[in-house]
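Listed below are the residues making up each chain.
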Amino acid sequence: MNQKLTLSIEQDAIEKGKQYAKNNNRTLSSMVEDFLLFLDTDDRLGDHAIPISKKLSSLMGIGEGSISATNYRQHLIEKNNV
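Definitions and cut-offs
- Residues numbered from 1 in each chain as written.
- Predicted model: local features only at pLDDT ≥ 70, side-chain atom pairs only at ≥ 80, totals over all residues.
- Heavy atoms only, no water.
- Helix = DSSP H or I, 4+ residues; strand = E, 2+ residues; numbered from the N terminus.
- Contact = heavy atoms within 4.5 Å.
- Areas by Shrake-Rupley, 256 points an atom, 1.4 Å probe, with all protein chains shown as cover.
- Buried < 20%, exposed > 50% of the residue type's maximum accessible area, 1.4 Å probe, protein only.
- Arc of directions from axis to C-beta.
- Patch = residues over 30% accessible without salt bridge, like charges linked within 9 Å, V, L, I, M, F, W, Y side chains within 5 Å.
- Salt bridge = Lys/Arg side-chain N within 4 Å of Asp/Glu carboxyl O.
- pLDDT = per-residue confidence, 0-100.

Participant: Would you mind going over the overall build of the protein chain with me for this structure?
Facilitator: In terms of helices and strands, the protein chain carries four helices and zero strands. From first element to last, N terminus to C terminus, the protein chain shows the α and β order α-α-α-α. Considering only intrachain contacts with a sequence separation of at least 6, the fraction spanning at least 24 residues in the protein chain is 32%. Working note: accessible area of the protein chain is about 7,300 Å², and carbon and sulfur atoms make up 51% of it.

If you want it as structure tokens, here you go:
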């Protein structure tokens, strides 16, 4: 059952989100829903789980050295002091 949710988000983020959704034949609501559902299912890093986009995931392995999604998430946590 769908339910309405009101969020306070910076106008720039809303516009970027709307444009991204339009370019990808999605709705902003579906993108927010996917993100929230991701948080519920990916508890490998506890409250600090950071999603990695499909585009970024597709680039993994093309550079030198090795890195995993877990290593990249840990890098983002350390970089952003989360």
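Participant: Got a minute to help me understand helix α4 (residues 69-79) in this structure?
Facilitator: Every α-helix winds through 3.6 residues per turn, so residues three or four apart in the chain are directed the same way. Along α4, the residues classified as buried are R73, L76 and I77. Viewed end-on, α4 has its buried residues packed into an arc of 100°, placing them on one side of the element. Those residues of α4 that are exposed and angled more than 90 degrees off the buried face are E78 and K79.

Participant: Is there a simple way to think about a nonpolar patch on the surface in this case?
Facilitator: Together, L5, L7, I9, F35 and L36 give the surface a local cluster of nonpolar side chains, amounting to about 480 Å² of exposed area. Within the secondary structure layout, I9 lies in the segment before α1 (11-23). Given the relative accessible area of 43%, I9 is considered partly exposed.

Participant: What is the right way to read the confidence of the model for the protein chain from this model?
Facilitator: Low-pLDDT stretches of the model should not have their predicted coordinates read in fine detail. Residues with a pLDDT of 70 or more make up 80% of the protein chain, whose mean pLDDT is 80. Model confidence for the protein chain, summarised as mean pLDDT per element, is weakest for helix α3 (residues 54-59) at 76 and strongest for α1 at 93.

Participant: Would you mind going over the pattern of salt bridges with me for this structure?
Facilitator: Throughout the structure, instances matching the rule amount to one salt bridge. One salt bridge in this structure joins R26 and D34, with 2.4 Å as the shortest N-O distance. The exposure class of D34 is partly exposed, given its relative accessible area of 39%.

Participant: Looking at this structure, I do not really get unusual backbone geometry. What am I missing?
Facilitator: Apart from glycine, the bulk of residues carry a negative phi angle, and the bulk of peptide bonds sit in the trans form. Even without being a glycine, N25 presents a positive backbone phi close to 50°. Note on placement: N25 falls in the loop between α1 and α2 (28-41). For N25, a relative accessible area of 75% corresponds to the exposed category.

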